[in-house]
Amino acid sequence: MSRKRIILIAAICIVLAAAITGYMLWNKPHKEVKDASGVKITATELYNNFITDSAKARTLYTDKVVQVTGEVARLALNQQDQQIILIKTPVSGAYINCTMEEKTNAVKEGASVTVKGICSGYISGDAEMGLPGDVFLVRGYPFTK
Amino acid sequence: MEDIKADNNQVISIVNTATGDLQFSLLNNAFHFKKALMEEHFNEDYIESAKYPKSTFKGTISNLKDMNFGKDGIYNVTVSGNLSIHGVTKEVSVPGKLTIKKGSISATSTFKIKPKDYNIKIPAGVKNNIAETVELTVNCTYEKKN
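Residues numbered from 1 in each chain as written. Chains lettered and ligands numbered in written order. Predicted model: local features only at pLDDT ≥ 70, side-chain atom pairs only at ≥ 80, totals over all residues. Heavy atoms only, no water.

Draft legend 1. Region of the structure containing the overall build of chain B. Along the backbone of chain B there are one helix and nine strands. Each helix and strand of chain B, placed in order from N terminus to C terminus, yields the pattern β-β-β-β-α-β-β-β-β-β. By its C-alpha atoms, chain B is 50 × 30 × 25 Å across when sized along the principal axes. A total of 146 residues make up chain B; the buried ones form 42% of that total. Within chain B, counting contacts between residues at least 6 apart in sequence, those at least 24 apart form 55% of the total. Total accessible area on chain B stands at roughly 8,800 Å², and carbon and sulfur atoms take up 49% of it. Distance between charge centres in chain B, computed from 19 positive and 16 negative side chains, equals 6 Å. (Helix = DSSP H or I, 4+ residues; strand = E, 2+ residues; numbered from the N terminus. Buried < 20%, exposed > 50% of the residue type's maximum accessible area, 1.4 Å probe, protein only. Contact = heavy atoms within 4.5 Å. Areas by Shrake-Rupley, 256 points an atom, 1.4 Å probe, with all protein chains shown as cover. Lys, Arg positive; Asp, Glu negative; His and termini not counted. Charge placed at Lys NZ, Arg CZ, Asp CG, Glu CD.)

Draft legend 2. Focus on the overall build of chain A. Regarding its fold elements, chain A presents three helices and six strands. Of the regular secondary structure in chain A, the N- to C-terminal order runs α-β-α-α-β-β-β-β-β. Against the globule reference of 15 Å for 145 residues, chain A gives a C-alpha radius of gyration of 22 Å, more extended than a compact globule. Expressed along its principal axes, the backbone C-alpha trace of chain A runs to roughly 80 × 35 × 30 Å. The proportion of buried residues among the 145 residues of chain A is 38%. For chain A, the share of sequence-separated contacts (at least 6 apart) that also reach a separation of at least 24 residues comes to 61%. Carbon and sulfur atoms make up 58% of the accessible area of chain A, which totals about 8,400 Å². Each charge class in chain A can be summarised by its mean position, and for the 17 positive and 13 negative side chains these summaries are 15 Å apart. (Rg over C-alpha atoms; globule rule 2.2 N^0.38 Å.)

Draft legend 3. Main features of the nonpolar core. B:Leu83, B:Leu98, B:Tyr118 and B:Tyr142 are the most contacted members of the largest nonpolar core, which has 34 residues in total. Secondary-structure elements contributing two or more residues to this core are strand S3 (21-27), helix H1 (36-46), strand S5 (54-61), strand S6 (73-85), strand S7 (88-101), strand S8 (104-113) and strand S9 (134-142) of chain B. Beyond its immediate chain neighbours, meaning those up to four positions away, B:Tyr118 contacts B:Leu83, B:Ile85, B:His86, B:Val88, B:Lys90, B:Val92 and B:Ile113. Core analysis: the next-biggest nonpolar cluster, separate from the first, contains 23 residues, A:Ile41, A:Val66, A:Val135 and A:Leu137 among them. (Core = buried A, V, L, I, M, F, W, Y, C linked by side-chain atoms within 4.5 Å.)

Draft legend 4. Region of interest: the domain arrangement of chain A. Considered domain by domain, chain A is made up of domain 1 (1-30) and domain 2 (39-142). A straight line from the C-alpha centre of domain 1 of chain A to that of domain 2 of chain A covers 45 Å. (Domains from an automatic or database assignment.)

Draft legend 5. Spatial organisation of the packing of aromatic side chains. Tallied over the full model, the rule gives six aromatic pairs over all chains. When the centroid spacing of 6.4 Å and the interplanar angle of 25° are considered together, the rings of A:Phe50 and A:Tyr122 count as stacked. Residue A:Phe50 is found in helix H2 (residues 43-52), and its partner A:Tyr122 is found in strand S5 (residues 112-123); the two are separated by 72 residues along the sequence. With a relative accessible area of 2%, A:Phe50 lands in the buried category. The class for A:Tyr122 is buried, based on a relative accessible area of 17%. Each ring, one from B:Phe24 and one from B:Phe57, has its centre 6.3 Å from the other, and the planes form 55°; the classification is tilted. On the criterion of sequence distance, the pair formed by B:Phe24 in strand S3 and B:Phe57 in strand S5 is long-range, its members being 33 residues apart. Each residue in the set A:Tyr47, A:Phe50, A:Tyr61 and A:Tyr122 is aromatic and connected to the rest through ring pairs, giving one cluster. (Phe/Tyr/Trp six-rings, centres within 6.5 Å; stacked < 30°, edge-to-face > 60°.)

In structure tokens form, the structure reads like this:
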């Protein structure tokens, strides 16, 4: 095989590899949540951790898959018709606010639930108005295993 | 070319009907994009959500006297205040609509900002693919708290 041909084949291979890598990067899937192993924690512990030491809690939980267990305070739908599960915390009016990936009928208000999702963090409310903040979970799934 | 769009439902917003004070606080890492790569670039390269976890707005309804929270209707409002994104706070004044229906309040607004005003740097390689101005759409429903 001539040297020119070897160079040409090598160049084609490099371009192809770059194109495939680019395509795969562009189309890489979102973080796996449903089958990921999440940090197991109760709603009370998670909420308390954020309000007592938010810097530490951010390191431990933010952008990580967590599996939160607690009592369902309320079910709702957001403006995009996604199901929201509000899990009770020790603070009245403050919740673990879970935006669910799929709607479920299996979860009932007042019952215990475990939601697996990605923890986005904590937003404080307004102390002057007496409104507490929430801890947010996105891409949630009811954990049934 | 394609529209780059992201939604964020991880928002706390409070409106004080007595004073007209209005505030929003959202988690930057909760913007959800169609493509995982877009989300990654947004968080790591543009908004730097680990360094600046929240964006906030604190302002007041400028024309509160035109509002009647006790009467159903759609009210045009102007909200002025401080918008903080990416560690930069700027005064803004944006138009919006407050809808009062059977005691519940909902708010909508659409306005534009320039990422460079908030010190968000777009890498030269993708500068031509990303608009100089970004459109923000707000859609909130409020519940009464006693």
